[in-house]
Amino acid sequence: METLQGNEKLRQLRAKAMQLPLTPGVYIMRDKSRKIIYIGKAKALKNRVSQYFGSQKNHLEKVRQMVAHVDDFEYILTDSEFEAFVLECSLIKQHRPKYNILLKDDKGFNYIRVTQGPWRRISAARQKLDDGAEYLGPYTSSWAVTESVDEVQKLFRLPTCNRRFPQDIGKGRPCLNFYIKQCCAPCRGKMPLEEYEEVVNEALGFLRGGSMASIKEMTQQMQQAAEELNFEKAARIRDRITAVRRVGDKQKVVSARVKEQDVVALAQGPNRACFSVLRFSGGRLYDKEDFLLGDVGDAANARMEFLQQYYSMRDHVPPQIALDGPVDSMDALRSWLGKKAGRSVRIVVPQRGDQLQLVQMCRKNAADRLALNSGRTGKEMSALDELARLLGLSHPPAYIESYDISNLGGSDNVAGMVVFENGRPLKSAYRKFKIKGFEGQDDYASMQEVISRRLAEYEKCKDSGEGFGRLPDLILLDGGKGHVAAVRPVLEAYGLSIPLYGMVKDDKHRTRAIAKDGGEIAIHANRQAFTLVSNIQEEVHRFAIGYHRQTRKKKAISSTLISIPGVGPARAKALLKHFQTIGAVSTASQEELEKAPGITKPAAQAIYRFFHPDELPAKEQI
């Protein structure tokens, strides 16, 4: 009943949408309580809004959920797409709809905290407390504060443990940081307070003045110590200078030829997504932000919504924004950013060189942050994200099914299906198939039969959503474009649009490319996606050939048993089921054989004689 009512509501909404003008504007979706749940803009309102209320098969899950809650919509006409963009920004900030990408502005003040008294400690702080400590700041970037504190603690070997000084001095052994030369370990009781305070002052000088000022000051201290013949102190200061210079060299690696820019990248998981922003000023990375979101749907639209929200919260827009992929409404977005910045803003999608490396680094950060939240590794998330980009998928494929055919000269035709969920093998979902439709060797027909049987099972148990009741996000066949062309009609016959590709091997049986209709996609340049596809291809081949060998072995065993007088296929099967192995059958006594289901006394006697030709049963002995 609810489905019929839902279909009727969709028809009503679509009829209303078809009456909209083909002009720019903003549309506002409301639920039954009249609450705004989504705000969007369009260059042609009729075309865009009517798409929501057509066939739901081609919609992403996020869109389907939103449409299911729409009870009515309104619209506002504008003179241009740019005006629609500006109005959309304003309305989203006012109403904060549930299905729009919404970011929380966490750019509060951050501080570097320095405790007072002897044995001072340096740490990062989110707020300034009235606790008698000294606070450096405020700073707008929590990332910059955390990175600076971590860096200075390692450079100057300051303690980061929970031990209290001087109370805990001399109590227990120093921690691991002392042995890997990342802590001076005042807990040992071998470091005078005066020397410790000197190190802390040098660290604060580094934080306040930067590396060059710190190096200059420490160089003077080193020279003075050398003149006073205090060579041990001079050597310690020399080592700190070397460490500071090494950090400066490291920072040069994370730099850009473009002096001021933001680099933005998206990583998508099955149900979550993460945007990372790397901010550059003076050619150096000075800030990093991560934004964890729910399912954002189409990547190009998600980038547009993210940039819209992100720069609505920022007072400053850099001259250039580098993205990891295309963005919807590029011209309107560029105009809006330019108006906000008071100058032109370049939006680029790098294809090569240093800029591409920065975008890839940003995407890796996003994938690692997403992996940390989802319990997966950064490599797994990056590989799925990279594979989706390579194949042009709207989402990383969380559930991948792969198939391979195995036979020997056309005999014992079998197939194996393996499943990778979130980049890892899901062995409980593996399945084996015996080819039943024909005899002989025909890999294309075999693959058609297997996929057809798999989809037939889906139709039977799709309500369960488990096992065969779950459709894959991607199907990979062990084979070339011929296999893809053979299987494509099977998917179309079931009315399914599952992404379908082949995995092509070279002459050494290693993964070479991904096959699609009419061509191939090279994957060697995409290292993580290449590794994932190679692992899938090796696994499905191993599984299929293992099943084929098992089938041949059973057939050989069955043939041995069938050659015994009085034992046919049914009795051979019953024997193997009862004794598990042919070895157990061969060592069983006649009485034990008689206890097997379907085995008569004469049959048991024949079986025993077959395996013991030189031995007669007791009653036949003279």
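Just so you know, these numbers come straight off a predicted model, no measurement behind them.

## A closer look at the overall build of the protein chain
Moving on, step 1. Summing up its helical and strand segments, the protein chain has 19 helices and 19 strands in all.
Moving on, step 2. Element-wise, carbon and sulfur atoms account for 50% of the exposed surface of the protein chain, whose accessible area totals about 32,400 Å².

## Quick look at the sheet that holds strand 3 (residues 72-77)
Moving on, step 1. If you walk across this open sheet you meet the three strands as 2-1-3, and the pairing is antiparallel. Two strands bound the open sheet, and with one partner strand each, they are strand 2 (36-42) and strand 3. Sheet twist, expressed as the mean angle between neighbouring strand axes with direction ignored, is 20°.
Moving on, step 2. As defined by bridge partners, strand 1 (residues 25-30) adjoins strand 2 across six bridges and the pair is classed as antiparallel. By the bridge assignment for strand 2, Arg 30 is matched with Ile 36.
Moving on, step 3. The sheet strands contacting helix 4 (residues 81-95) are strand 1, strand 2 and strand 3, and the helix crosses strand 2 at an angle near 165°.

## Points about helix 4
Moving on, step 1. Relative to the 21 Å expected for 15 residues at 1.5 Å per residue, helix 4 spans 21 Å between its end C-alpha atoms, a close match to the ideal helical length.
Moving on, step 2. Taken together, the buried residues of helix 4 touch strand 1, strand 2, strand 3, helix 9 (299-312) and helix 10 (330-341).
Moving on, step 3. With its phi angle positive at about 45°, Arg 96 sits one or two positions after the end of helix 4.

## Remarks on the pairing of strand 16 (residues 474-477)
Moving on, step 1. Burial along strand 16 is two-sided: the residues Leu 474 and Leu 476 and Ile 475 and Leu 477 are all buried.
Moving on, step 2. Where strand 12 (residues 399-408) and strand 16 come together, four bridges link them in parallel fashion. Among the inter-strand pairings, Ser 402 is bridged to a residue of strand 16, identified as Leu 476.
Moving on, step 3. Of the pairings in the sheet, the one linking strand 16 to strand 17 (residues 500-505) comprises three bridges and is parallel in character. Looking at strand 17, one finds that Leu 477 is bridged to Gly 502.
Moving on, step 4. Tracing the backbone out of strand 16, into helix 14 (residues 481-493) and back to the parallel element strand 17 gives a crossover that is right-handed.

## Things to note about the packing of aromatic side chains
Moving on, step 1. What the rule picks out here adds up to 17 aromatic pairs.
Moving on, step 2. Both rings, one in Tyr 38 and one in Tyr 52, keep their centres 6.4 Å apart while their planes meet at 65°; by these two values the pair is edge-to-face. One end of the pair, Tyr 38, is in strand 2; the other, Tyr 52, is in helix 2 (residues 45-52), and 14 residues separate them in sequence.
Moving on, step 3. Linked through ring pairs, Tyr 27, Tyr 38, Tyr 52, Phe 53 and Phe 73 together constitute an aromatic cluster.
Moving on, step 4. When the ring centre of Phe 73 is taken as origin, the NZ or CZ atom of Lys 16, which lies over that ring, is 4.6 Å away.

## Here we look at the packing of helix 4 against helix 10
Moving on, step 1. Taken N-terminus to C-terminus, the directions of helix 4 and helix 10 make an angle of 65°; their axes are 9 Å apart at the nearest point. Judged by the sense of rotation from one axis to the other, the crossing of helix 4 with helix 10 is right-handed. Facing helix 4, whose interface residues are Glu 81, Phe 82, Phe 85, Val 86 and Cys 89, helix 10 presents Ala 332, Leu 333, Ser 335, Trp 336 and Lys 339.
Moving on, step 2. Split by residue class, the contact of helix 4 with helix 10 holds seven nonpolar, one polar and two charged.

## Brief notes about the confidence of the model for the protein chain
Moving on, step 1. Mean pLDDT over the protein chain stands at 82; residues scoring 70 or higher make up 89%.
Moving on, step 2. When the elements of the protein chain are averaged for pLDDT, helix 8 (residues 231-253) gives the smallest value, 63, and strand 10 (residues 320-323) the largest, 95.
Moving on, step 3. Taken as a whole, residues 247-253 scores under 50 in pLDDT and shows five contacts with residues more than four places along the chain or in a different chain.

## Some words on unusual backbone geometry
Moving on, step 1. A cis amide bond links Phe 165 with the next residue in sequence, Pro 166, at an omega value of 10°.
Moving on, step 2. In this structure, Arg 34 takes a positive phi of about 70° despite not being glycine.
Moving on, step 3. Mapped onto the elements, Arg 34 comes out in the loop between strand 1 and strand 2.
Moving on, step 4. Accessibility expressed as a relative area gives 40% for Arg 34, which makes it partly exposed.

## Some points on the environment of Val 487
Moving on, step 1. As for its position among the elements, Val 487 is in helix 14.
Moving on, step 2. Distance in space between the C-alpha atoms of Val 487 and Leu 477 is 9.2 Å, their sequence separation being 10 residues.
Moving on, step 3. Setting aside residues up to four positions removed in sequence, Val 487 forms contacts with Met 447, Gln 448, Ile 451, Leu 477 and Leu 500.

## A closer look at the sheet that holds strand 11 (residues 346-348)
Moving on, step 1. Across the sheet, five strands lie side by side as 9-8-7-10-11; this open sheet has mixed pairing. Each end of this open sheet is capped by a strand with a single partner; those strands are strand 9 (284-293) and strand 11. The mean angle between the axes of side-by-side strands here comes to 15°, regardless of whether they run parallel or antiparallel.
Moving on, step 2. The pairing of strand 8 (residues 273-281) with strand 9 spans nine bridges and is classified as antiparallel. Counterpart to Leu 278 in the pairing with strand 9 is Lys 288.

## Some words on the state of the cysteines
Moving on, step 1. Evaluated as defined, the whole model comprises zero disulfides.
Moving on, step 2. Between Cys 362, a cysteine without a disulfide, and Cys 274, which holds the nearest cysteine sulfur, the sulfur-to-sulfur distance is 8.9 Å.

## Section: a positive patch on the surface
Moving on, step 1. On the surface, a cluster of positive charge is contributed by Arg 157, Lys 181, Arg 188 and Lys 190.
Moving on, step 2. You can see Lys 181 is positioned in the loop between helix 6 (176-179) and helix 7 (193-227).

## Some remarks on the packing of helix 4 against helix 9
Moving on, step 1. Across the interface, helix 4 lies against helix 9 with an axial gap of 11 Å and an inter-helix angle of 65°. What the angle tells us is that helix 4 and helix 9 run roughly perpendicular. By crossing handedness, the relation of helix 4 to helix 9 is classed as right-handed. Contacts between helix 4 and helix 9 involve Phe 85, Glu 88, Cys 89, Ile 92 and Lys 93 from the former and Met 304, Gln 308, Gln 309 and Ser 312 from the latter.
Moving on, step 2. Across the contact of helix 4 with helix 9, the residue classes break down as four nonpolar, three polar and two charged.

## Digging into the pattern of salt bridges
Moving on, step 1. The tally for this structure, following the rule as stated, stands at 25 salt bridges.
Moving on, step 2. Linking Asp 324 and Arg 363 is a salt bridge whose minimum nitrogen-to-oxygen distance equals 3.7 Å. In this pair, Asp 324 is assigned in the loop between strand 10 and helix 10 and Arg 363 in helix 11 (residues 353-374), connecting sequence segments 39 residues apart. Neither residue differs from the other here; Asp 324 and Arg 363 are each classed as buried.
Moving on, step 3. Among the salt bridges present, the one from Arg 542 reaches Glu 539, with a minimum N-O distance of 2.8 Å.

## What about a nonpolar patch on the surface?
Moving on, step 1. Side chains of Leu 176, Tyr 179 and Ile 180 sit close together on the surface and give an oily, nonpolar patch of about 330 Å² of accessible area.
Moving on, step 2. Mapped onto the fold, Ile 180 is located in the loop between helix 6 and helix 7.

What counts, and where the lines are drawn
- Residues numbered from 1 in each chain as written.
- Predicted model: local features only at pLDDT ≥ 70, side-chain atom pairs only at ≥ 80, totals over all residues.
- Heavy atoms only, no water.
- Helix = DSSP H or I, 4+ residues; strand = E, 2+ residues; numbered from the N terminus.
- Areas by Shrake-Rupley, 256 points an atom, 1.4 Å probe, with all protein chains shown as cover.
- Pairing = 2+ DSSP bridges.
- Axes fitted to C-alpha atoms, helices over the stretch in contact; angles between N-to-C directions.
- Contact = heavy atoms within 4.5 Å.
- Expected span 1.5 Å × (residues − 1).
- Buried < 20%, exposed > 50% of the residue type's maximum accessible area, 1.4 Å probe, protein only.
- Right-handed = clockwise from strand over helix to strand, strands pointing away.
- Phe/Tyr/Trp six-rings, centres within 6.5 Å; stacked < 30°, edge-to-face > 60°.
- Lys NZ or Arg CZ within 6 Å of the ring centre and 35° of its normal.
- Left-handed = near helix turned anticlockwise from the far one by under 90°.
- Nonpolar A, V, L, I, M, F, W, Y, C, P; charged D, E, K, R; others polar.
- pLDDT = per-residue confidence, 0-100.
- Disulfide = S-S within 2.5 Å.
- Patch = residues over 30% accessible without salt bridge, like charges linked within 9 Å, V, L, I, M, F, W, Y side chains within 5 Å.
- Salt bridge = Lys/Arg side-chain N within 4 Å of Asp/Glu carboxyl O.
- Lys, Arg positive; Asp, Glu negative; His and termini not counted.
- Charge placed at Lys NZ, Arg CZ, Asp CG, Glu CD.
- Parallel < 35°, antiparallel > 145°, perpendicular 65-115°, else oblique.

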